Amino acid sequence: ELLNGANLSRRAGGDSATLARAYISLALTSNMLPWALDGEELQSKSLAITDRLGDPSLTAWVYMVSGTYETGKGGWQSADAHLNHAREVGERCGERKSWETAMSCLGNLKRLEGRFEEAKGWSDRTMVASRERGIMHGVIWSHNGRARDLLCLSRLDEVASEAETLGKLLNDPTKRHNANENNNLVYLYSSIFCALSDKKIGVAEDLTAELIATVSKIKKPQVYMIQNVDYYSDILWSLWKSAPTKQNLLSYHNIIVKSGAQVARQFVTGRPMAELARGDGAWFRGKADQAAKHWRASAEVARALAMPYNAAHALYRLVDTGLDNGAAEQAMLHHLIEGLDIPRPSIWAL
């Protein structure tokens with residue numbers, strides 16, 4: 001459909017808002033079809049048309065999508081600039097949908113950068129704006145983002161409140177159509193972490209079975225799902241230590257590894273999570289050398305992508321299992337946590 005729209009617009013001649021929208025949408029789609037679409041070229045063409053036309057409504061939308069595209073490839077500065085430009089233009093011209101979406105996307109961006117307080121701030125602003133307009137999907141997005149940030153900030157009491165609110169919204173037949181699979185996933189893993197924190201292992205196991213069943217059905221992960229693999233991995237890591245039986249955990253973990261690989265194929269920023277999951281699987285199977293190799297690969301690619309949370313996460317696995325190489329990696333872990341300006345996330349080992 002996008003290709004048809006782009007081709008029709010090109011044959012009509014000249015620049016058009018339709019062509020700019022089609023090009024930037026195809027750029028985002030290129031994450032799933034890199035062999036068929038040149039995302040960089042499509043993004044460049046879309047932005048050039050948008051800038052030439054100077055239509056504020058078009059500018060807000062195209063730059064919002066472009067910022068999302070940059071997020072998936074780890075272009076932190078460009079993503080920040082494009083999303084903020086979309087937000088500022090949208091606010092100025094009254095394009096509230098693009099304005100609110102840009103704020104929510106800024107939350108996703110800052111979350112991947114490991115800047116969780118800032119990410120939560122964007123979720124909070126999105127929630128206020130969405131409530132003001134009665135936009136229920138924006139409210140759900142915001143609870144979703146807040147829950148993820150609070151998990152990484154180790155504020156599990158607040159996570160429990162977010163999960164409860166999400167659960168009510170998702171179970172309300174008048175509101176559930178405003179949600180997507182990611183909202184369900186966040187509700188489930190937030191609830192699992194709360195159950196693990198309260199030592200309700202049976203509850204955590206039941207919810208994990210539901211979580212894994214949901215994950216296994218997702219064929220095309222979106223950019224806002226990139227970090228999810230980390231949360232799944234931490235759940236299995238804790239259950240491996242605390243569950244009375246490990247009967248289903250290895251099969252669950254195979255699904256997590258598959259999900260991680262799928263995300264990493266689409267988005268370069270998913271690679272640290274995919275390697276972490278592979279390392280966990282090797283450890284569960286008693287292959288310590290392979291586990292260490294994958295965790296070090298996770299830390300290395302995370303550092304290269306300027307993703308300090310994920311680098312610290314992988315190093316913590318090495319330290320937690322005694323596979324670290326001593327003072328050097330322990331010092332690097334301490335340095336990364338200190339730079340994040342957060343306590344060591346409790347969800348890494350509940």
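Heads up: the structure comes first, above all this text.
Quick notes on the rules
Residues numbered from 1 in each chain as written. Predicted model: local features only at pLDDT ≥ 70, side-chain atom pairs only at ≥ 80, totals over all residues. Heavy atoms only, no water. Axes fitted to C-alpha atoms, helices over the stretch in contact; angles between N-to-C directions. Helix = DSSP H or I, 4+ residues; strand = E, 2+ residues; numbered from the N terminus. Parallel < 35°, antiparallel > 145°, perpendicular 65-115°, else oblique. Left-handed = near helix turned anticlockwise from the far one by under 90°. Contact = heavy atoms within 4.5 Å. Nonpolar A, V, L, I, M, F, W, Y, C, P; charged D, E, K, R; others polar. 1 Å grid on protein atoms, 1.4 Å probe; cavity = no way out; pocket = protein on both sides within 12 Å on 5 of 7 lines; lining within 4 Å. Points joined across faces, edges and corners; volume = space filled by probe spheres on them. Phe/Tyr/Trp six-rings, centres within 6.5 Å; stacked < 30°, edge-to-face > 60°. Buried < 20%, exposed > 50% of the residue type's maximum accessible area, 1.4 Å probe, protein only. Lys NZ or Arg CZ within 6 Å of the ring centre and 35° of its normal.

## Re the packing of helix α9 (residues 156-170) against helix α10 (residues 181-197)
Helix-helix packing is characterised by the crossing angle of the two axes and by the distance between the axes.
Then comes step 1: Close contact between α9 and α10 brings their axes to 9 Å; oriented N to C, the two are set at 140 degrees. By the criterion of interaxial angle, the relationship of α9 to α10 is oblique. Seen along the crossing, α9 lies across α10 with a hand that is left-handed. Together, Leu156, Val159, Ala160, Ala163, Leu166, Gly167 and Leu170 of α9 and Asn183, Asn184, Val186, Tyr187, Ser190, Ser191, Cys194 and Ser197 of α10 make up the contact between the two elements.
Then comes step 2: A breakdown of the residues in the contact of α9 with α10 according to their chemical character gives nine nonpolar, six polar and no charged.

## Quick notes on the side chain of Lys120
Then comes step 1: For Lys120, the position within the fold is in helix α7 (residues 116-133).
Then comes step 2: Once residues lying within four places of it in the same chain are set aside, the contact partners of Lys120 are Arg146, Asp149, Leu150 and Arg155.

## Thoughts on the layout of surface pockets
Then comes step 1: Each pocket or cavity is described by its volume, and for the largest pocket that value is around 760 Å³.
Then comes step 2: In terms of lining, the largest pocket is formed by 36 residues, of which the most central are Thr68, Thr101, Cys105, Val223 and Tyr224.
Then comes step 3: Residue assignment for the lining of the largest pocket shows that the elements contributing at least two residues are α2 (17-29), α4 (56-72), α6 (96-112), α7, α8 (136-152) and α10.
Then comes step 4: In terms of residue count, α6 provides more of the lining of the largest pocket than any other element does, eight residues in total.
Then comes step 5: Per-class residue counts for the lining of the largest pocket are 14 nonpolar, 19 polar and three charged.

## Quick notes on empty space enclosed by the protein
Then comes step 1: Under the criterion given, the structure shown has two cavities of 30 Å³ or more.
Then comes step 2: Reported here for the largest cavity is a volume of approximately 70 Å³.
Then comes step 3: Taken together, Leu185, Val215, Ile218, Pro221, Met225, Asn228, Val229, Tyr232, Ser259, Gln262 and Val263 make up the lining of the largest cavity.
Then comes step 4: Broken down by class, the residue content of the lining of the largest cavity amounts to eight nonpolar, three polar and no charged.
Then comes step 5: If you go around the second largest cavity, the residues you meet are Asn108, Arg111, Leu112, Arg148, Val223, Tyr224, Ile226 and Gln227.
Then comes step 6: Counting residues per element, the lining of the second largest cavity draws most heavily on α6, at three residues.
Then comes step 7: Of the residues belonging to the lining of the second largest cavity, the class tally is four nonpolar, two polar and two charged.

## What to know about the packing of aromatic side chains
Then comes step 1: For the structure on display, the rule yields ten aromatic pairs.
Then comes step 2: Where Phe116 meets Tyr309, the ring centres are 5.0 Å apart and the plane angle is 75 degrees; that geometry is what we call edge-to-face. With a gap of 193 residues between them, Phe116 in helix α7 and Tyr309 in helix α16 (residues 308-321) connect regions that are remote in the sequence. The residues Phe116 and Tyr309 share a single accessibility class, namely buried.
Then comes step 3: The interplanar angle of 20 degrees and the centroid separation of 4.6 Å between the aromatic rings of Tyr189 and Tyr231 together place this pair among those described as stacked. Of this pair, Tyr189 sits in helix α10 while Tyr231 sits in helix α12 (residues 228-242), and the two are 42 residues apart along the sequence.
Then comes step 4: Judged by relative accessible area, Tyr189 falls into the buried class, the value being 0%.
Then comes step 5: Judged by relative accessible area, which is 1%, Tyr231 ranks as buried.
Then comes step 6: The rings of Trp237, Trp240, Trp283, Phe284 and Trp295 are connected pair by pair, giving a single aromatic cluster.
Then comes step 7: Lying over the aromatic face of Trp61, Arg21 brings its terminal NZ or CZ to 4.9 Å of the ring centre.
Then comes step 8: Stacked on the ring of Trp237, the Lys or Arg Arg317 has its end atom at 4.3 Å from the ring centre.

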